[in-house]
Structure formats: C-alpha cells, structure tokens
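A look at the structure
Next come the chains, spelled out residue by residue.
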Amino acid sequence: MTEKLSKEIWKSVTDLTQSKLEEKGLHYEFKPPKDDGSYVKTKTSSGVCFTMALNNREVWIELSIKAKTGQPQESIYNQIHAKAIEIEKKLGYEIRWDKKDLIISSRSETGGDYRIKTIMPFSLDDVRSGKSNTVESWAERMVLFIQA
C-alpha cells in the first residue's frame, strides 16, 4: 500500500496549523502521522481530539470523541450536537454529524466512538501536488473548527 501523505507534507500542514492556532491563543500539539499517512491528530488524555485525515474519496477535519473505558462519551457528543446550528454558523461550512457520516462513509460503528466532520473542497491529489493553497486552507479550517 502506498503512503497517502508523506511525513514532510504532514509536517508542513501541522506546523502551519499550530502557528495559526497560537496566533489565536490556542495550544494543541499533534502526534506524528499514522504510519500509512492517512491522518494526524492532536494529543489528548480525555479521548477527545481533533484530526486531519484523508482517503481516496475525501479530505476532512474531525472532532473524534473516543469511548472511555469501553463506554461511549455520548453526553459530550450530545452537548456539542445540541449547538449544531450555532457551530455551523460560526464555522461557515457544513458539518457531517456521526450518524450521517455512518451512512455516507460506509464505515462501521466503532464501539461508541463519535465523529463530527467538515469535508474539504479538495482531494488527496490536490494536497500531494500542493495545488492552490490547499495546506493553507486546511490549516485555516482546522483553526475555525476548533474555535467553533
């Protein structure tokens, strides 16, 4: 299997994102990318993290709410989902909530994890080729997503 994104491209994406976050007074540290180059996520101890990811169909940003000690953190998801209209208005982009994502992405449920996504308007190939400020817009959307 070929690597989706090189470590160098991920480094440029995460460095730019961290820089933009720090300008807003936000501090998130990213873990190294997954070995296959498909995603990078923020470090966390609470099971809640922000992820930048891609596959052959989509490039996206998501808030992942992982189950803790085998129990879904449904209350956190529900608190966020209750503010869906306000969040989408602040973000200025559509959000794909977990239940809708299960239908669209054909992924299976993963033991109580929740995902809240915003899909980017460019492809994996666009990111690889450095096409028209894709890294910049990905970083900017992550900052907006975290703020929203």
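Residues numbered from 1 in each chain as written. Predicted model: local features only at pLDDT ≥ 70, side-chain atom pairs only at ≥ 80, totals over all residues. Heavy atoms only, no water.

Let us look at the packing of aromatic side chains. Overall, the coordinates contain six aromatic pairs when judged by the stated rule. Ring geometry for F50 against F145: centres 6.1 Å apart, planes inclined by 80 degrees, an arrangement best described as edge-to-face. Linking F50 in strand β2 (residues 48–54) with F145 in helix α6 (residues 134–147), this pair joins segments that are 95 residues apart in sequence. The two residues F50 and F145 agree in class, both being buried. Each ring, one from Y77 and one from W97, has its centre 6.2 Å from the other, and the planes form 80 degrees; the classification is edge-to-face. Separated by 20 residues along the polypeptide, Y77 in helix α2 (residues 74–81) and W97 in the loop between α3 (84–91) and α4 (98–105) bring together distant segments of the chain. What makes Y77 buried here is its relative accessible area of 6%. We classify W97 as buried; its relative accessible area is 10%. (Phe/Tyr/Trp six-rings, centres within 6.5 Å; stacked < 30°, edge-to-face > 60°. Helix = DSSP H or I, 4+ residues; strand = E, 2+ residues; numbered from the N terminus. Buried < 20%, exposed > 50% of the residue type's maximum accessible area, 1.4 Å probe, protein only.)

Okay, the sheet that holds strand β4 (residues 114–119) next. Pairing within the open sheet is antiparallel, and its four strands lie in the order β1-β2-β3-β4. Two strands bound the open sheet, and with one partner strand each, they are β1 (39–41) and β4. Taken pair by pair, the neighbouring strands of this sheet meet at an average axis angle of 20 degrees, ignoring direction. Judged from the six bridges that link them, strand β3 (residues 59–65) and β4 form a sheet pairing that is antiparallel. Bridge assignment links S64 to a residue of β4, and that residue is R115. On top of the sheet, helix α1 (residues 7–23) reaches β1 and β2; it is set at about 135 degrees to β2, its chief contact. Strands β2, β3 and β4 of the sheet are contacted by α6, whose axis makes an angle of about 155 degrees with β2. (Pairing = 2+ DSSP bridges. Axes fitted to C-alpha atoms, helices over the stretch in contact; angles between N-to-C directions. Contact = heavy atoms within 4.5 Å.)

On to the environment of I87, then. With respect to the helices and strands, the residue I87 is situated in helix α3. I87 gets classed as buried once you look at its relative accessible area, which sits at 12%. For the pair I87 and L144, spaced 57 residues apart in sequence, the C-alpha to C-alpha distance is 10.0 Å. Once residues within four sequence positions are removed from consideration, I87 is found in contact with I80, I95, W97 and A148.

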